[in-house]
Amino acid sequence: MVTRDVLERAARLCRVYHFYEKSGKGIRSLYVGKAGVGKGGNWDLYQRLKQHFQPSQENTYLGKFAKSESLSGEKALEFLKGSQVKLQWVSFKPTNNFEKKLMSIECFSKAVLNPKYTDE
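First things first, this report covers the structure right here in the doc. Since we're looking at a predicted model, the values are computed, not measured. (Residues numbered from 1 in each chain as written. Predicted model: local features only at pLDDT ≥ 70, side-chain atom pairs only at ≥ 80, totals over all residues. Heavy atoms only, no water.)

The subject of this paragraph is the overall build of the chain. Within the chain, the regular secondary structure consists of 5 helices and 3 strands. Starting at the N terminus and ending at the C terminus, the chain contains elements arranged as α-β-β-α-α-α-β-α. Here the chain holds 120 residues, and 37% of them are scored as buried. Sequence separation of 24 or more characterises 61% of the internal contacts of the chain that already satisfy a separation of 6 or more. (Helix = DSSP H or I, 4+ residues; strand = E, 2+ residues; numbered from the N terminus. Buried < 20%, exposed > 50% of the residue type's maximum accessible area, 1.4 Å probe, protein only. Contact = heavy atoms within 4.5 Å.)

See below:
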């Protein structure tokens, strides 16, 4: 799992992130999302990713995984702690049209990667 210090250093840039796991010679895409504006109007990847591992959050990677496996959020979290899920992200500095750019990169990533747990 990605450590907090890595994510804190990566905070405050626009991000589209991707959860995936290795599958044979390739990868299996699990979830694509974007870092939203956090408290105080800052872009905060760490806070956004923390939401993905809170059992009460249904519209996250954990929540969608739990639903697909008919598990509670807590049981799904325990299961994922032993998994080999990896994380990658694309970063760019905010510009005048960064929200449009962020949305475009997220939509493109979803179309190309076809993540299992991300809604279209």
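Most of strand 1 (residues 14-23) sits out of view: 8 of its 10 residues are buried. Where strand 1 meets strand 3 (residues 86-92), 7 bridges bridge the pair, whose relative direction is antiparallel. Opposite valine 16, over in strand 3, you have valine 90 as the bridge partner. In the sheet, strand 1 pairs with strand 2 (residues 26-34) via 8 bridges, with the strands oriented antiparallel. Residue glutamate 21 lies in a different strand from strand 2, and its bridge partner there is arginine 28. Where strand 1 hands over to strand 2, the hairpin turn is made up of 2 residues, of which glycine 24 adopts a positive phi near 65°. (Pairing = 2+ DSSP bridges.)

The description of an aromatic ring pair rests on the distance of the ring centres and on the angle between the ring planes. All told, the structure shown has 9 aromatic pairs when counted by the stated rule. The interplanar angle of 20° and the centroid separation of 5.6 Å between the aromatic rings of phenylalanine 65 and phenylalanine 79 together place this pair among those described as stacked. Pair noted here: phenylalanine 65 is in helix 3 (residues 61-68) and phenylalanine 79 is in helix 4 (residues 73-81), with a separation of 14 residues, a long-range link. Under the relative-accessibility criterion, phenylalanine 65 is labelled buried at 6%. Given a relative accessible area of 54%, phenylalanine 79 falls into the exposed group. (Phe/Tyr/Trp six-rings, centres within 6.5 Å; stacked < 30°, edge-to-face > 60°.)

Counting 16 residues, the largest nonpolar core has Tyr17, Phe19, Tyr31, Leu49, Tyr61, Phe65 and Tyr117 as the members making the most contacts within it. With 4 residues, helix 3 is the single largest residue contributor to this core. Formed by 6 residues, the second largest nonpolar core is a distinct cluster that contains Cys14, Val16, Phe92 and Leu102. (Core = buried A, V, L, I, M, F, W, Y, C linked by side-chain atoms within 4.5 Å.)

Counting through the fold element by element, arginine 28 comes out in strand 2. The partly exposed category is assigned to arginine 28, whose relative accessible area is 33%. Counting along the chain gives 86 residues from arginine 28 to asparagine 114, while the straight-line C-alpha distance between them is 9.0 Å. Setting aside anything within four residues of it in sequence, one finds arginine 28 in contact with Tyr20, Glu21, Ser23 and Lys116. Side-chain polar atoms of arginine 28 contact the side chain of glutamate 21, separated by 2.2 Å. (Polar contact = N/O pair within 3.5 Å; in protein donor to acceptor, adjacent residues only side chain to side chain.)

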